[in-house]
Amino acid sequence: MRDKFVVALAVAAGVLLAFNLYRIFLVLPDEALQGAIYRIIFFHVPAAITGMIGYFAALLLSLAYLSFGNFRYDSLAASVVEVSVVFSVVNIVTGSIWARVIWGIWWTWDYRLTSALVCVLIFSGYLMLRRAIDEPTQRARLSAALCVFGCIDVVIVWKSIEWFRTQHPGPVLSIRTGGGRIDPAMEQMLYLNFAAILMIAIALVLIRTRQEATAREIDSLRRIANAA
Amino acid sequence: MDARNFTFMFYGFLAAWLIVLLYVISLARRGARLNRELEQVKQLIGADRASEPARLEDRSR
Amino acid sequence: MKSLAQALSVARKDLAIELRTKESINAAGAFAVVILLLFSFAFDPGADATREIGGGLLWLVFAFAGALIFNRGFARELPNDCLDTLLSSAVSGASLLLGKSFANLLMLLAVEFLSLFVFGIFYDVRWWLRPLELAALCVLATWGISVIGAVFGALTVNLRLRELMLPVIIYPLLIPLLIAAIEITNALFSNRPLGSYELLWGRVLLVFDIVFTALAMALAETILVN
């Protein structure tokens, strides 16, 4: 049942993505000021939002694990963080390539860039911590604690650097600006590609969670084998 | 399309999909390894069960 | 009130051990001095350049030296099962963490004081021009580093690769605090009056300290249960 759902999700994401790529490259015109390079936004922004949703979900799942002690929350949190880190890296790399063309530099210590990088560093630490602990209960508890600390730290980084100047383009989506900052056709495209990337991310998370369950099964079978 | 821009756009898309692809490959490899391990452990337990059925039944009670 | 007294007694115990063995202080102090020396060879900066990079250099040295101190903080309790005894004693987890943070704070402040002297000599910076503001900044920023150090020292104490995991985890978390401390220190070294820019960073420091101290207290039992 679940396997079929994952396959269906992946296929749907693939179809949507193919349609999106066709529209992005062949239907939408070049942007007036930036030329062809602006098309990176269709992956840059959805990857960023997917990552942020993932970290937020991981925070909730970690709190849920700490409150209820169910291992499902823990493995789901680990899977979500791993996939989010992948999409955050996509976000940073595509952004960097865009910046090379438009700003003439690969990197600047702007607040969005800084907080994105801090996110990747903290949650890579989270994944490393999980590898360093063998005992499942301890691993779940400690990594949940780190996740809570990490998420709050990211908020502080975001807020603190937001007070200072920024080089990054401001928000363009009409839910934040009330419209007028982006062409409706392009905005629609952003949402469509966000849907595609989110579907891919969910499929990856489900596959990863499944692996965590397998790992737990192996662990318990090993214990039985050792005890017998 | 603007040629210089286009090259960088191409790099951007390439990089994005390469990263996702690398992750999917690592995911697949880890999945295969886990399945193999599961089979091994199951066989191990199956062998145990064949040799000492009584003890395992005792444990389940 | 009682938990504060407990925290202070934990801190007193740690400092007494430290004064007898001097293992953390010696290691961290020597490390800080060596790094400062190496940097002065590597860059041989003039007076203006030093004022520009001085804050960054110092706070990185403090953060590195801190990691040495924090690694010992809980690892010191491992022989003879002292940690288990502490956890099963009447001292609450929150008090234990708070006490360890106090001990970290005082040890790191001592290392910072030593580093400032060395820094003043090798880099010819008159760091004592604004003693009160510098002291306040050091206490505020070092408290944040110490709390994070105590929490993650406890979290990583039972890991293999403990000494590797601790820096990997704490440095990204310390980024906002270090940026704030560096900005204010640079203003102090160049003897600029603290404007709204520096005060904003001061607010970041304050928020960091309060939020993470509260969070450490709230999650103490989660982190410390074995």
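Our structure is the block above this text.
Computed from a predicted structure; not experimentally measured.

K.L.:
Looking at this structure, how should I read the overall build of chain A?
P.N.:
Within chain A one finds seven helices and zero strands. Mapped from its N terminus to its C terminus, chain A presents α and β elements in the order α-α-α-α-α-α-α. Within the span of chain A, comprising 228 residues, buried residues form 39% of the whole. Contacts in chain A between residues far apart in sequence, at least 24 positions, make up 80% of those at least 6 positions apart.

K.L.:
It is not clear to me how the interface of chain C and chain A should be interpreted in this structure. Could you clarify?
P.N.:
Many descriptions give the size of an interface as the accessible area lost when the pieces come together. Listed as interface residues are 20 residues of chain C and, on the opposing side, 22 residues of chain A. When residues of the side of chain C that touches chain A are traced back to their parent elements, those giving at least two are α7 (162-189) and α8 (196-224) of chain C. Ranked by residue count, the leading element in the side of chain C that touches chain A is α8(C), at nine residues. Each residue belonging to the side of chain C that touches chain A can be placed in one class, and the counts come to 18 nonpolar, one polar and one charged.

K.L.:
Mind showing me how you'd approach the nonpolar core here?
P.N.:
In terms of nonpolar packing, the biggest core is built from 133 residues, with A:A77 and C:V151 touching the most fellow members. Among the elements that line this core, the one with the most residues is helix α3 (residues 71-102) of chain A, at 17 residues. Sequence-distant contacts of A:A77, defined by excluding residues within four places in its chain, comprise A:A58, A:L61, A:S62, A:Y65, A:A144 and A:C147.

K.L.:
Would you mind going over helix α1 (residues 2-21) of chain C with me for this structure?
P.N.:
It helps to recall that an α-helix has 3.6 residues per turn; residues three or four apart then point in one direction. Residue and element names in this part refer to chain C. Taking 1.5 Å as the rise per residue, α1 with 20 residues should run 28 Å; its terminal C-alpha atoms sit 29 Å apart, in good agreement. Of the positions making up α1, those classed as buried are A7, V10, A11, D14 and E18. One face of α1 carries all of its buried residues, which in axial projection span an arc of 95°. Those residues of α1 that are exposed and angled more than 90 degrees off the buried face are K2, A5, A16, L19 and R20. Where α1 is buried, its residues meet α2 (23-43) and α5 (93-123). The first or second residue beyond α1 is K22, which carries a positive phi of 55°.

So, how was this worked out
- Residues numbered from 1 in each chain as written.
- Chains lettered and ligands numbered in written order.
- Predicted model: local features only at pLDDT ≥ 70, side-chain atom pairs only at ≥ 80, totals over all residues.
- Helix = DSSP H or I, 4+ residues; strand = E, 2+ residues; numbered from the N terminus.
- Buried ≥ 20, exposed ≤ 12 C-beta atoms within 10 Å, placed from the backbone.
- Contact = placed C-beta atoms within 7 Å.
- Nonpolar A, V, L, I, M, F, W, Y, C, P; charged D, E, K, R; others polar.
- Core = buried A, V, L, I, M, F, W, Y, C linked by C-beta atoms within 7 Å.
- Expected span 1.5 Å × (residues − 1).
- Arc of directions from axis to C-beta.

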